[in-house]
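So you can see what is in the structure, the chains are spelled out below.
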Amino acid sequence: MDSRVIGILGGGQLGRMFIEAANRMNIEVRVLDPTAKSPAKQISNFVEHIDQPFTSSEAIKQLAKECDVLTVEIEHVNCDELAKVEKLGLAKVFPSSSTVRLIQDKYLQKCYLEEHKQSLPEYVKCDTLEEAQDAGRKFGFPFVLKCRLGAYDGRGNYVVKSENDVAAGFKFLGGKMLYAEKFVPFVKELAVMVVRRPSGQVETYPVVETAQRDNICELVYAPAQIDGQVRQQAMKVATDTISCLPEGSAGIFGVEMFLHEDGRTVVVNEIAPRPHNSGHYTIEACGTSQFENHLRAVLDLPLGDTNLKVPAAAMINVLGGSDGISSVLDPCLASLEVDGATVHLYGKAEAKLARKMGHITVVADSALQLRRRTDMIVGKLANASS
Ligand code: ATP
Ligand code: MG
Ligand code: MG
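Residues numbered from 1 in each chain as written. Chains lettered and ligands numbered in written order. Predicted model: local features only at pLDDT ≥ 70, side-chain atom pairs only at ≥ 80, totals over all residues. Heavy atoms only, no water.

A. Inspection of the overall build of the protein at higher detail. Counting secondary structure elements, the protein contains 13 helices and 17 strands. With the principal axes as the frame, the protein shows a C-alpha extent of 55 × 55 × 40 Å. Taken across its 386 residues, the protein has 56% of its residues classed as buried. Expressed as a percentage of contacts within the protein between residues at least 6 apart in sequence, the contacts between residues at least 24 apart total 61%. For the protein, the accessible surface area stands at approximately 16,500 Å², while carbon and sulfur atoms represent 49% of it. Charge-centre separation for the protein: the mean point of 43 positive side chains lies 1 Å from the mean point of 49 negative side chains. (Helix = DSSP H or I, 4+ residues; strand = E, 2+ residues; numbered from the N terminus. Buried < 20%, exposed > 50% of the residue type's maximum accessible area, 1.4 Å probe, protein only. Contact = heavy atoms within 4.5 Å. Areas by Shrake-Rupley, 256 points an atom, 1.4 Å probe, with all protein chains shown as cover. Lys, Arg positive; Asp, Glu negative; His and termini not counted. Charge placed at Lys NZ, Arg CZ, Asp CG, Glu CD.)

Written out as structure tokens, the structure reads:
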């Protein structure tokens, strides 16, 4: 299909599903990840994967020399080194280092989106305890203190409940660069995957509804159960958000959004510059999956169909639970008896509590049938927080 070799920084489940798409099209992918048997490396027989951290300058340089295009499956990478790769012309980098740099710092991301007139929750920089107290006075309570860098699964967030709680929040996130955000009284969390070619052309996937528990995505429903106006609004917010990114922002992006309790206002929560958990359903439910479209975008090939090819779909995350491997296998085994269900297991060595071990996609002919099928599996999920 294409003789170019792609290097990917990070070799977890997103890299694994990316390689599944690349394998089918006979495109070589080389992985940079510290774990020798990482989920992505397991399904690729390529001999020259690199067993080094994806923050290592040396390793990124080596990967760039051996590949035509570099991409990421995680935003917490070494952007200085990616910028050098671009400058020296060692390989193309998609999304560009400047895009990843902008997105990996959630505060800079907010500033950029505000400059480009996108709708956001109010936010403010917060370097000191005094500034955090000012944020409480400005936004009221609760408000959210967030780490600027390295955040995932809500681990860098603290919901400040009252004036007396500000110091505790500051201490909890201690020592990290922070910013504060107004608490959004949302009724639903929505997400849209958007794919962008190097030319800037964008295509959007349907609006989905995501449900998080303890800040971790638990379920995704496609399409979202929202009225047409909200759907149009969410599509517009997602398209505008990705369209305004700097030149060179090619690849797939996830746009997380809040639907305000007023039932009409949609604001951006954050962008992911890579395949996203809310887009896993696209493998079974859309014309072309988020992973294949990411591959096509970074190679500047024509993009595939982003529409749903089934009336309704859901994605259920399978997390490590308090009873180890059975909390992972029980819902997977249950799903084998459910029509329309497809199991994905990521091959992670240990089922640690709340770790993403796999997911199950369910497709159906109607919302009612989807609910029935999904319920049969959700009932078998272990309570990860118990
Ligand atoms: P991810 O794994 O998605 O990258 P993250 O660590 O970057 O997560 P966020 O997406 O900022 O964290 O927040 C995690 C969850 O916390 C959100 O999905 C939402 O449920 C809740 N949340 C975040 N910000 C706000 C806010 N301003 N108001 C209300 N709830 C919020
Ligand atoms: Mg995030
Ligand atoms: Mg998030």
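Past the structure itself, the notes keep going.
B. Up close: the site of ligand 1. In the region of ligand 1, 20 residues are neighbours, and Lys106, Lys146, Asp153, Gly154 and Glu189 sit closest. Taking Val184, its main chain carries an N or O atom lying 2.8 Å from a nitrogen atom of ligand 1. Note that an oxygen atom of ligand 1 is positioned 2.9 Å from one of the side-chain N or O atoms of Glu256. Residue composition of the shell around ligand 1, grouped by class: seven nonpolar, five polar and eight charged. (Near = heavy atom within 4 Å. Polar contact = N/O pair within 3.5 Å; in protein donor to acceptor, adjacent residues only side chain to side chain. Nonpolar A, V, L, I, M, F, W, Y, C, P; charged D, E, K, R; others polar.)

C. Quick look at the environment of His294. Among the structural elements, His294 can be located in helix H11 (residues 290-298). Taking the relative accessible area as the measure of exposure, His294 reaches 1% and is therefore buried. A sequence separation of 273 residues divides His294 from Ala21, and the C-alpha atoms of the two residues are 9.5 Å apart.

D. Just helix H13 (residues 367-378), in detail. For H13, which comprises twelve residues, the first-to-last C-alpha distance of 16 Å matches the rise-based estimate of 16 Å (1.5 Å per residue) to within 8%. Residues of H13 that are buried: Leu370, Arg373, Thr374 and Ile377. Angular distribution of buried residues about the axis of H13 spans 95 degrees; they occupy a single face of the element. The outward face of H13, more than 90 degrees from its buried face, is lined by the exposed residues Leu368 and Arg372. Packing partners of the buried residues in H13 comprise strand E12 (216-222), strand E15 (312-319), helix H12 (325-335), strand E16 (341-345) and strand E17 (356-364). (Expected span 1.5 Å × (residues − 1). Arc of directions from axis to C-beta.)

E. Representation of a nonpolar patch on the surface in the model. A cluster of nonpolar side chains, namely Ile325, Leu329, Leu333, Leu336 and Leu345, defines an oily patch on the protein surface of about 480 Å² accessible area. The element best represented in the nonpolar patch is H12, accounting for three residues. (Patch = residues over 30% accessible without salt bridge, like charges linked within 9 Å, V, L, I, M, F, W, Y side chains within 5 Å. Salt bridge = Lys/Arg side-chain N within 4 Å of Asp/Glu carboxyl O.)

F. View of the coordination of the magnesium ion (ligand 3). Looking at the metal site, the magnesium ion (ligand 3) is ligated by Glu256 (OE), Glu256 (OE) and Glu270 (OE), spaced 2.0 to 2.8 Å from it. A spacing of 3.8 Å is found between the magnesium ion (ligand 3) and the magnesium ion (ligand 2), which share Glu270 as a donor. Separated by 14 residues along the polypeptide, Glu256 in strand E13 (residues 251-260) and Glu270 in strand E14 (residues 266-272) bring together distant segments of the chain. For the pair formed by Glu256 and Glu270, the shared burial category is buried. (Donors = N, O, S within 2.8 Å, 3.2 Å for Na, K, Ca; no water.)

G. The arrangement of the packing of aromatic side chains in detail. The final tally for this structure, using the stated rule, is five aromatic pairs. Taking the centre distance of 5.8 Å and the plane angle of 70 degrees together, the rings of Tyr107 and Tyr123 count as edge-to-face. One end of the pair, Tyr107, is in helix H6 (residues 106-115); the other, Tyr123, is in strand E5 (residues 123-125), and 16 residues separate them in sequence. A residue is classified by how much of its surface remains accessible, and Tyr107, at 14% relative accessible area, is buried. Ring centres 6.1 Å apart and planes at 50 degrees place the aromatic pair Tyr107 and Tyr179 in the tilted group. Of this pair, Tyr107 sits in helix H6 while Tyr179 sits in strand E8 (residues 178-182); the two residues are 72 residues apart in sequence, bridging distant segments of the chain. For the pair Tyr107 and Tyr179, one class covers both residues: buried. Among the aromatic residues, those joined into a ring-pair cluster are Tyr107, Tyr123 and Tyr179. (Phe/Tyr/Trp six-rings, centres within 6.5 Å; stacked < 30°, edge-to-face > 60°.)

H. Just the pattern of salt bridges, in detail. Summed over the entire model, instances satisfying the criterion amount to 22 salt bridges. One salt bridge in this structure joins Asp51 and Lys41, with 2.6 Å as the shortest N-O distance. Of this pair, Asp51 sits in the loop between helix H2 (39-42) and helix H3 (57-66) while Lys41 sits in helix H2, and the two are ten residues apart along the sequence. Taking the relative accessible area as the measure of exposure, Lys41 reaches 6% and is therefore buried. Linking Asp134 and Arg137 is a salt bridge whose minimum nitrogen-to-oxygen distance equals 2.9 Å. In this pair, Asp134 and Arg137 are both assigned in helix H7 (residues 129-139), three residues apart and thus about one turn of the helix distant. Of the residues examined, Arg137 reaches a relative accessible area of 58% and is grouped as exposed. Overlapping salt bridges bring together Arg24, Glu292 and Arg296 as one network.

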